[in-house]
Amino acid sequence: DSQLDRAAMLKQYDRLIEQVIGAVEGATELEIVRALMRARDDFAGVAKMDESLDQAFAASSADVATLLNRYFKDRLYGFDTIGAYLDEILRRNAS
């Protein structure tokens, strides 16, 4: 009975996390978190996954790479001198 209560509480936390992420981030981030939660549930014995871990994270791994690239690009371009340098490299490579 306490296992059921624990599982119900985990699901409530999951829904809260999804709502926060959906509000502050986007659909891609939400899908990554959902895949992580499914893997966690499978590991904890709360719910068996319908797919393998490779299948669950196939799309997410590409999404994570895209998010990381965007994150670092945004941070680097936040410094004017670095942004100008990167733009110069892009111009040279495009020629």
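Residues numbered from 1 in each chain as written. Predicted model: local features only at pLDDT ≥ 70, side-chain atom pairs only at ≥ 80, totals over all residues. Heavy atoms only, no water.

## Some remarks on helix α2 (residues 27-44)
Phase 1 of the analysis: For α2, with 18 residues, the first-to-last C-alpha span of 25 Å sits near the 26 Å given by 1.5 Å per residue.
Phase 2 of the analysis: Taken residue by residue, α2 has E29, L30, I32, V33, A35, M37, A39 and D41 as its buried positions.
Phase 3 of the analysis: Downstream of α2 by a residue or two, G45 has a phi angle that is positive, lying close to 80°. (Helix = DSSP H or I, 4+ residues; strand = E, 2+ residues; numbered from the N terminus. Expected span 1.5 Å × (residues − 1). Buried < 20%, exposed > 50% of the residue type's maximum accessible area, 1.4 Å probe, protein only.)

## Some remarks on the pattern of salt bridges
Phase 1 of the analysis: Scanning the entire structure with this criterion turns up 2 salt bridges.
Phase 2 of the analysis: With a shortest N-O distance of 3.3 Å, R91 and E88 are connected by a salt bridge. You can see R91 and its partner E88 sitting in helix α4 (residues 80-94), 3 residues apart, about one turn around the helix.
Phase 3 of the analysis: Overall, E88 belongs to the partly exposed group, its relative accessible area being 30%.
Phase 4 of the analysis: For R92, the salt bridge is made with E88, and the minimal N-O distance between the two is 3.3 Å. Of this pair, R92 and E88 both sit in helix α4, 4 residues apart, which is roughly one turn of the helix.
Phase 5 of the analysis: Via salt bridges that share partners, E88, R91 and R92 belong to a single interconnected network. (Salt bridge = Lys/Arg side-chain N within 4 Å of Asp/Glu carboxyl O.)

## Things to note about the layout of surface pockets
Phase 1 of the analysis: Each pocket or cavity is described by its volume, and for the largest pocket that value is around 190 Å³.
Phase 2 of the analysis: Put simply, the parts of the chain that give the lining of the largest pocket at least two residues each are α1 (2-24) and α2.
Phase 3 of the analysis: Among the elements that make up the lining of the largest pocket, the one with the highest residue count is α2 (5 residues). (1 Å grid on protein atoms, 1.4 Å probe; cavity = no way out; pocket = protein on both sides within 12 Å on 5 of 7 lines; lining within 4 Å. Points joined across faces, edges and corners; volume = space filled by probe spheres on them.)

## Some points on a nonpolar patch on the surface
Phase 1 of the analysis: A cluster of nonpolar side chains, contributed by V64, L68, Y71, F72, L76, F79 and I82, occupies part of the molecular surface with about 630 Å² of accessible area.
Phase 2 of the analysis: No other element matches helix α3 (residues 53-77), which puts 5 residues into the nonpolar patch. (Patch = residues over 30% accessible without salt bridge, like charges linked within 9 Å, V, L, I, M, F, W, Y side chains within 5 Å. Areas by Shrake-Rupley, 256 points an atom, 1.4 Å probe, with all protein chains shown as cover.)

## Side note on the confidence of the model for the chain
Phase 1 of the analysis: Scored by pLDDT, the chain comes out at a mean of 77, with 88% of its residues at no less than 70.
Phase 2 of the analysis: Between the elements of the chain, mean pLDDT differs from a low of 74, seen in α1, to a high of 91, seen in α4. (pLDDT = per-residue confidence, 0-100.)

## Quick word on the side chain of D14
Phase 1 of the analysis: Position of D14 among the secondary structure elements: in helix α1.
Phase 2 of the analysis: We classify D14 as buried; its relative accessible area is 6%.
Phase 3 of the analysis: Leaving out residues up to four positions away in the same chain, D14 has contacts with M37, R40 and D41. (Contact = heavy atoms within 4.5 Å.)

## Description of the environment of S61
Phase 1 of the analysis: Inspection of the secondary structure puts S61 in helix α3.
Phase 2 of the analysis: Given the relative accessible area of 46%, S61 is considered partly exposed.
Phase 3 of the analysis: With 29 residues separating them in the primary sequence, S61 and I32 have C-alpha atoms 8.3 Å apart.

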